[in-house]
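Summary of the model geometry
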Amino acid sequence: MKDTPLSNCERDFLLKAIEEKKRLDGRQTYDYRNIKITFGTDYGCCFVDLGKTRVMAQVSCELVAPKETRPNEGILFFNIELSPMASPAFEPGRQSELSVKLNRQLERCFRNSKCIDTESLCVVSGEKVWQIRVDVHTLNHDGNLMDAASIAAITALCHFRRPDVSIQGEEITVVSAQHSTVCLIYCTSNLDPCEREERVMDGLLMIAMNKHREICSIQSSGGIMLLKEQVLRCSKIASVKVSEITELISKALENDKKARKAGERCGFAESMPQERITALKMDETPVEMKNVTEKAEDIVKKYEAPPQSVPSPLVPAPGVGQVGQGQQNSWGLEEEDGESEEEEEMVVEDQPKNKLDQGECCK
Amino acid sequence: MAGLELLSDQGYRLDGRKATELRKVQARMGVFAQADGSAYIEQGNTKALAVVYGPHEMRGSRSRTLHDRAVINCQYSMATFSTAERKRRPHGDKKSTEMSLHLKQTFEAAILTQLYPRSQIDIFVKILQADGGNYSVCVNAATLAVIDAGIPMRDYVCACTVGFVDETPLADLCYTEENGGVSSLALALLPRGGQIALLQMDARLHQDHLETMMEAAMIACKGVSKVLDEVVRQHLQEASALSRD
């Protein structure tokens, strides 16, 4: 299904608001949305909520023969599924550009940064190695899938327990993920775009860093031109944010470990908040539609088009945008003939830009 | 490869270059008669061929026509004989699609697409021999091909891959250096304004070194732009000499 196109008004509003450093949901320019990490019942399954964007990652492993060129290294495989569940714009089956982009970015971010020691995945050199497969499923798309996917993948990897196979029997050991690599996405000058902002942006810069302040991957996409200073500034911001997010991940892992030890029930069902309204349906209010076309044509004939410039937008409450102030009611109430005509004339005088056609408004 | 020293104590690399030296660039424009623009470039041992068709009417899906500018369609592929092992899938795999997207993004930023609304510009690049710096050589080849086709651009788009070894940035990596676990940064630059059209980096690099890497990459790109400029002017002279006769 094709996406509903973004109207020009909305686009202008968002761009003007960004210029004035206001964001639609009340965040500051470099603020992240609320990140919530929960774990599933099995080891290696984790859910990440980035605002309303929801993503699930599952890690699984299998014993396979290694690649011929690298006989003593394990194999890491990443896969992001963009299912139509997340957004009606995603079509099932066909691999879209976005899907390829996300997959490649995730692969580059984790594989090249060598955050997992692949040599430790080797069981018998040249014959059997572990193939670790990370599947990320998008459940709800509200912008910034890349960040959510990377956080989910690394948390799932840290959470996963790989069975250790030896000749005698089986033991459980933790897969050593050496350091957490986290991606951060910037679009123009904003951090962590939500879905609307993503549609408006010209391009984005993705920086993946780990907590040792090493940059694992940088990727600029979209058709924007960058300057060196902008890239350096973004990388500085990234280092600050990455340490925050890594903190969050380790805390979540800690909590989960404690919960499991204490024997509490954990899993997806437990993590859903109870007693919350998630969807609301209201009846449509009836509107009187008689003679609407004639009235509309009348009004359009009399008055000029509104000025082109977009007035400064206001964000009075998160999720609510306001552009300009309302003007005087110019529809007029049809109570008495004399009064209504007076009102019309008064109102017309208030708007100095309107040209009065002499014949039109007669008293 | 533990045994190979990517940068010796005297400052020489595996192929005898110094750290900031680029490989030898040889290029030709107007290689094919059928295409609107074409170019062939050799950067060291990496050889790439680029062909441009356009601007022409939108083919394929008419719904993708943009009312105010041209659509740029890029395809990147590697010949099956370009790498040491025969490539089973020259195009359609994830890496090629990603490269094509990057090329498209780079040229969308550089070409003046506003001059050709409702039309399409096709850029096809093929790597004939891959010896490191694939993306950069493609961009350089495509730039020459677009200039050959007469499509106006804001500036030359020059690209270069830079690596980092022993606190020194190495310009224009070759295949062994790229696979030696060196952090590599590919940068596509419009030299006059210093604007970066594409920035891509793999492998771990400490944040403090980022600035040095980017500086080195920008200087290398400016070097490449001088060479490309020479090639274009020479081609123009030859073409005008022939047509005068």
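Above this text you will find the structure in question.
The paragraphs below set out a description of the structure included in this document. (Residues numbered from 1 in each chain as written. Chains lettered and ligands numbered in written order. Predicted model: local features only at pLDDT ≥ 70, side-chain atom pairs only at ≥ 80, totals over all residues. Heavy atoms only, no water.)

1. Here's the deal with the sheet that holds strand β4 (residues 71-78) of chain B
Residues and elements named next belong to chain B. Where we set the bar: DSSP bridges decide pairing: two strands pair if at least two such bridges lie between them. Helix and strand assignments follow DSSP, with helices taken as H or I runs no shorter than four residues and strands as E runs no shorter than two, numbered in order from the N terminus. Note on definitions: angles span 0 to 180 degrees between N-to-C directions of axes, and those axes are lines fitted to C-alpha atoms, for helices only across the stretch in contact. By definition, residues are in contact when any of their heavy atoms lie within 4.5 Å.
Strands sit in the order β1-β2-β3-β5-β4 across an open sheet of 5 strands; the sheet is mixed. If you trace the sheet from one side to the other, it starts and ends with β1 (25-29) and β4, each paired once. When the angles between neighbouring strand axes are averaged without regard to direction, this sheet yields 15°. Looking at chain direction, β4 and strand β5 (residues 119-129) are connected through 8 bridges and run parallel. Pairing of Ile-72 across the sheet is with Ile-121, part of β5. Packing of helix α1 (residues 94-110) onto the sheet brings it into contact with β4 and β5, and relative to β4 it is tilted by some 140°. Docked against the sheet, helix α2 (residues 134-148) engages β1, β2 (37-43), β3 (46-57), β4 and β5, running at close to 145° with respect to β2.

2. A few points about the interface of chain A and chain B
For clarity, the cut-off: Buried surface area refers to the total accessible area, computed with a probe of radius 1.4 Å, that the two partners give up upon joining, counted for both partners together. A pair is scored as a salt bridge if a Lys or Arg side-chain nitrogen falls within 4 Å of a carboxyl oxygen belonging to Asp or Glu.
Taken together, the 36 residues of chain A in the interface contact 31 residues of chain B. Taken together, both faces of the contact between chain A and chain B bury some 3,100 Å²; the carbon and sulfur share is 54%. Looking only at chain A, the three residues that lose the most surface to chain B are A:Arg104, A:Met225 and A:Lys228, adding up to 22% of its buried area. Run the count over chain A and chain B and you get 4 salt bridges.

3. Quick word on the pairing of β3(B)
Residues and elements named next belong to chain B. As judged from the 7 bridges shared by β2 and β3, these two strands associate in the antiparallel manner. Its bridge partner being in β3, Gln-43 is matched across the sheet by Thr-46. Hairpin connection between β2 and β3: a loop of 2 residues separates the two successive antiparallel strands, and Gly-44 in this loop has a positive phi of roughly 70°.

4. Focus: the environment of B:Gln200
This is how it is decided: For the exposure calls, accessible area comes from a 1.4 Å probe over protein chains only, and a residue counts as buried if that area is under 20% of its type's maximum, exposed if over 50%, partly exposed in between. The term polar contact refers here to a pair of N or O atoms within 3.5 Å; inside protein, the definition further demands a hydrogen-donor-capable atom paired with an acceptor-capable atom, and it admits residues adjacent in sequence only when both atoms are side-chain atoms.
With respect to the helices and strands, the residue B:Gln200 is situated in strand β9 (residues 195-202). Take B:Gln200: its relative accessible area is 14%, and that puts it in the buried class. Through-space distance from the C-alpha of B:Gln200 to that of B:Leu173 is 14 Å; in sequence the pair is 27 residues apart. Filtering out sequence-adjacent residues up to four positions away, B:Gln200 remains in contact with A:Arg108, A:Ile218, A:Gln219, B:His102, B:Ser184, B:Leu185 and B:Ala186. In terms of polar contacts, B:Gln200 uses its side chain to reach the side chain of B:His102, at 3.0 Å.

5. Digging into the packing of aromatic side chains
Residue and element names in this part refer to chain B. To be explicit about the condition: Pairing of aromatic side chains here covers Phe, Tyr and the six-membered ring of Trp, requires ring centres within 6.5 Å, and sorts the geometry by plane angle: under 30 degrees stacked, over 60 edge-to-face, intermediate tilted. The rule for a charge over a ring is simple: NZ of Lys or CZ of Arg within 6 Å of the ring centre, and within 35 degrees of the ring normal.
Taken as a whole and assessed by the stated rule, the structure comprises 1 aromatic pair over all chains. With centroids separated by 6.3 Å and ring planes inclined at 70°, the aromatic side chains of Tyr-53 and Phe-124 adopt a geometry described as edge-to-face. With Tyr-53 in strand β3 and Phe-124 in strand β5, this residue pair connects regions lying 71 residues apart in the sequence. When its relative accessible area of 29% is taken as the criterion, Tyr-53 is described as partly exposed. Classification of Phe-124 by relative accessible area gives partly exposed; the value is 30%. A cation over an aromatic ring shows up here: Lys-18 above the ring of Tyr-12, its NZ or CZ 4.6 Å from the ring centre.

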